[in-house]
Amino acid sequence: QAGAGARLGIEPLVGRGGRKGRMAARSGYDTPTGGSYSDPHMFSAARYEGGAEAAHPMGVHGLADEEASVHSAQSMGGSLPRILVMGLRRSGKTSIFKVVFHKMSPHETLFLESTSKTNKHHVQNSCVVDLKVWDFAGTADVEEPSFKLQETFEPAGALLFVIDAQDDYQAAIVRLVSTVDKAFRVNRGLYFEVFIHKVDGVSEDRKLELQRDISHQVTSALYEKGLEEANIAFYLSSIYDHSVNENVSKVVQKLVPQLGMLENLLDILISNCRMEKAFLFDVSTKIYIATDSQPVDVESFELCSDMIDVVIDVSVIYGQDGDSDALPFDERSSSIIKLNNGRVLCLREVSKYLALVCLMRADNLELQGLIEYNVHTFKQALKDLVRPSYVQPAPRLSLQSEGSGGGHSFL
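As a starting point, this report considers the structure included with it. All of these numbers come straight from a predicted model, not from anything done at the bench.

### Things to note about the side chain of S243
No. 1: Mapped onto the elements, S243 comes out in helix α6 (residues 243–253).
No. 2: For S243, a relative accessible area of 15% corresponds to the buried category.
No. 3: A distance of 2.4 Å separates the side chain of S243 from the side chain of D241, its partner in a polar contact.
No. 4: If sequence neighbours within four positions are ignored, S243 has contacts with L236, S237 and S238.

### So, unusual backbone geometry
No. 1: A positive phi is found at K198, a non-glycine position, where the angle reads about 65 degrees.
No. 2: Following the sequence through the fold, K198 ends up in the loop between β10 (191–197) and α5 (204–224).
No. 3: Its identity as a non-glycine residue notwithstanding, Y353 has a phi of 60 degrees, on the positive side.
No. 4: Given a relative accessible area of 18%, Y353 falls into the buried group.

### So, the packing of helix α2 (residues 93–101) against α6
No. 1: Contact geometry of α2 with α6 gives a least axis separation of 10 Å together with a crossing angle of 90 degrees. Viewed along their axes, α2 and α6 adopt a mutual orientation that is roughly perpendicular. Only V244, N245 and V248 of α6 make contact with α2, whose side of the interface consists of I96, V100 and F101.
No. 2: In the contact of α2 with α6, the residues fall into five nonpolar, one polar and no charged.

### Overview of the nonpolar core
No. 1: Counting residues in each nonpolar core, the largest one holds 54 residues, and the members touching the most others are I83, V248, I289 and L356.
No. 2: Broken down by element, the residue count for this core peaks at eight residues, all from helix α7 (residues 259–273).
No. 3: In this structure I83 touches L131, K132, V133, W134, A158, L160, V251, V252 and L255, once residues within four positions along its chain are discounted.
No. 4: With 34 residues, the next largest nonpolar core counts F153, F161, A165 and V194 among its residues.

### Considering the packing of aromatic side chains
No. 1: Using the criterion set out here, one finds 11 aromatic pairs in the structure.
No. 2: For the pair W134 and F136, a centre-to-centre distance of 6.3 Å together with 50 degrees between the ring planes defines the contact as tilted.
No. 3: Taking the relative accessible area as the measure of exposure, W134 reaches 9% and is therefore buried.
No. 4: With 5.5 Å between their ring centres and 65 degrees between their planes, F195 and Y235 make a pair best called edge-to-face. Taken as a pair, F195 in strand β10 and Y235 in strand β11 (residues 231–236) lie far apart in primary sequence, 40 residues in all. Both residues of the pair, F195 and Y235, belong to the buried class.
No. 5: Members of the aromatic cluster, joined through ring pairs, are W134, F136, F147 and F153.
No. 6: The lysine or arginine in question, K277, covers the ring of F279, its NZ or CZ lying 5.7 Å from the ring centre.

### Observations concerning the environment of A158
No. 1: Relative to the helices and strands, A158 resides in strand β9 (residues 158–164).
No. 2: Taking the relative accessible area as the measure of exposure, A158 reaches 0% and is therefore buried.
No. 3: For A158 and V252, which are 94 residues apart along the polypeptide, the C-alpha to C-alpha distance reads 8.5 Å.
No. 4: Beyond its immediate sequence surroundings of up to four residues, A158 is in contact with R82, I83, L84, L190, Y191, V251 and L255.

### Some points on the pairing of strand β7 (residues 119–124)
No. 1: When β7 meets strand β8 (residues 130–135), the two strands line up antiparallel, connected through six bridges. Looking across to β8, one finds that V123 is bridged to L131.
No. 2: Adjacent in sequence and paired antiparallel, β7 and β8 are bridged by five residues.

What counts, and at which threshold
- Residues numbered from 1 in each chain as written.
- Predicted model: local features only at pLDDT ≥ 70, side-chain atom pairs only at ≥ 80, totals over all residues.
- Heavy atoms only, no water.
- Helix = DSSP H or I, 4+ residues; strand = E, 2+ residues; numbered from the N terminus.
- Buried < 20%, exposed > 50% of the residue type's maximum accessible area, 1.4 Å probe, protein only.
- Polar contact = N/O pair within 3.5 Å; in protein donor to acceptor, adjacent residues only side chain to side chain.
- Contact = heavy atoms within 4.5 Å.
- Axes fitted to C-alpha atoms, helices over the stretch in contact; angles between N-to-C directions.
- Parallel < 35°, antiparallel > 145°, perpendicular 65-115°, else oblique.
- Nonpolar A, V, L, I, M, F, W, Y, C, P; charged D, E, K, R; others polar.
- Core = buried A, V, L, I, M, F, W, Y, C linked by side-chain atoms within 4.5 Å.
- Phe/Tyr/Trp six-rings, centres within 6.5 Å; stacked < 30°, edge-to-face > 60°.
- Lys NZ or Arg CZ within 6 Å of the ring centre and 35° of its normal.
- Pairing = 2+ DSSP bridges.

In structure tokens form, the structure reads like this:
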């Protein structure tokens, strides 16, 4: 668990011409504010196995402006991201919210009453998932004079519109187009997310046919109204499988200002640890906040999502003290599960109610010391990334090998 001079954070960079740069970084990348953020200087498997000489140095990116912030100006300060949930009556809006954010059993949603007024919720599960969700009644119509367009749409980040796939959806399409028309004129940066819901029990061919038909009708209607620039996406969802969690994940990710940096950190992690896939999950909701840049396949997501249930269920039985109602997940939570296809799942706690879940080949588990070190470094980077303010330089983790003197120091 070694490596000379591994550092995390902002510090002066001494180059050939003196103190030229402002940030020591390997494989640096842009931030939302136009600056550059250093990766956590993780050690690669080549370096772990072959010594320091086997490591290939990465490029160095400087930061010209000393006052540049590492973090988006809107990060976790200011107003919270807002998701508006709309649709016709009995389309499944409240069921989606209850299953994802309140862990309600899908079968219990059959007894939910129809929403009669706008319900405003504050969802705060972790340092990253902190947002507002407004669940509108099915009777809410943007064409009504009493509907407050400016107050509703201007502060919103995403509008989630639910269409019941088991019902005649022509009326829902009319309502959707009308809603997009009004909302886009108020807020051109709004994300429109269409959930074609209740597709459980529908054949795969029928699902694709539904998605094609609804997306074609909606996009054609928007084009006729001159709204072709509206950012709209279509998803097939059901509360009886993992699709609703995966789709809500994609919606929430668009409202996370640190998404690009999180993806880059995960890319560095899987590259250095020879992992196949990595997810950063919110444990309470099983929403994945970020993943690496490789495409997400449904099987990998479902395996990683189910692993969270396994860890929590076992912790409830064997790891919880007393009759506490708190989620049995803390800094000691970790697990390794070997699959019968030569792969393993690894779970590590990286922040309060945030878990890093990785998929890798069983052979690479021999690098466990390397993996533990790099996960720890990732955890430190995550803490810096979600701090509410970056006016002062971020704290850094400085590790030294025995050969460099001084052992390990944490600053």
